[in-house]
Amino acid sequence: MRLIAFGDSMVAGAGDPDHLGWVGRALAGRRAVTLYNLGVRRETSGDVAARWRAEALPRMVDYEPMRIVFSLGVNDCHLEDGRPRLSQAESLKNAQAVMTGAAELCPVLVVGPPPVVDPGVCARLEGLNDALKALAARLRVPFIDVLRPLAADGLFQAEALAWDGAHPGAGGYQRMADLISVHPAWVTFTQAD
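Along each chain, residues carry numbers from 1 onward, in the same order as the chain's sequence is written. Local features in a predicted model are, by the rule used here, given only for residues with pLDDT of at least 70; side-chain atom pairs are given and counted only at 80 or more, and totals for whole chains, interfaces and linings are based on all residues. Neither water nor hydrogens contribute to the side-chain values; these are computed over all heavy atoms in the structure.

## With respect to the packing of helix H8 (residues 155-163) against helix H9 (residues 170-181)
For helices, the axis comes from a line fit to the C-alpha atoms of the stretch in contact; other axes are also lines fit to C-alpha atoms, and the angle between any two N-to-C directions lies between 0 and 180 degrees. Note on conventions: DSSP H or I runs of at least 4 residues are helices, E runs of at least 2 residues are strands, and numbering of each starts at the N terminus. Interhelical geometry of H8 versus H9 gives an angle of 150 degrees and a closest axis separation of 8 Å. When the interaxial angle is binned, H8 and H9 end up roughly antiparallel. For the pair H8 and H9, the crossing hand works out as left-handed. Where H8 abuts H9, its residues Leu155, Phe156 and Glu159 lie against Ala170, Gly171, Gly172, Arg175 and Met176. When its residues are assigned to classes, the contact of H8 with H9 shows four nonpolar, two polar and two charged. An angle counts as roughly parallel when it lies under 35 degrees, as roughly antiparallel when it exceeds 145, as roughly perpendicular when it falls between 65 and 115, and as oblique in every other case. It is the rotation of the near helix from the far one that decides the hand of a crossing: anticlockwise by less than a right angle makes it left-handed, clockwise makes it right-handed. Any two residues having at least one pair of non-hydrogen atoms within 4.5 Å are treated as being in contact. Three residue categories are used. Nonpolar comprises Ala, Val, Leu, Ile, Met, Phe, Trp, Tyr, Cys and Pro, charged comprises Asp, Glu, Lys and Arg, and polar comprises the others, including Gly.

So, in structure tokens, the structure goes:
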């Protein structure tokens, strides 16, 4: 199976000394999965919406099952010039475009945004997370909520605080991967056809 992961630096695993991030850890031991981790630092949902199709199509083949996972929103909620980089309405428009477009090609799953240290960004992330979850339900796209469990646990944010305020180390990414890899939606999503 081929799995393409789109998103920002959280998808890419920035800050992870093992360079696995949550995606690599959630797929640990799965030798039959070819991972294309296409997380790009500082990208918003608009950036992902603009590039996902052009990057996915060359990696898709008829002879192997395909999956696309999106994780969006953290950079949308960061402030730039005193306001969020994208409004919640813009984020949801982008999320709907990527979910519906990708679902035409193969199974799709969305992993909600993880927490960061900044309380203002986290408050915006909570609202966006809830809206993304509702949108995914309406579109019948599986959604895994990691924001609140990671915030309640504290390790993800503690490691982020020790580095750059956003990205954890290996332990935080492992906690995120642990939440994802046992979730029924992920288990079903990563099974070959």
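## Structural notes on the pattern of salt bridges
Each salt bridge in this description consists of a side-chain nitrogen of Lys or Arg and a carboxyl oxygen of Asp or Glu lying within 4 Å of one another. The full count for this structure, using the stated rule, is 12 salt bridges. Between Arg148 and Asp145 there is a salt bridge whose closest N-O contact spans 3.7 Å. Residue burial is assigned from relative accessible area. The probe radius is 1.4 Å, only protein chains are included, and a residue is buried under 20% of its type maximum, exposed over 50%, and partly exposed in between. When its relative accessible area of 34% is taken as the criterion, Arg148 is described as partly exposed. The salt bridge partner of Asp153 is Arg175, with a shortest N-O separation of 2.5 Å. Placement of Asp153 in helix H7 (residues 147-153) and of Arg175 in helix H9 is noted, with a sequence separation of 22 residues between them. For Asp153, a relative accessible area of 39% gives the class partly exposed. Here Arg175 falls in the partly exposed class, since its relative accessible area comes to 35%. Via salt bridges that share partners, Asp130, Lys133, Asp145 and Arg148 belong to a single interconnected network.

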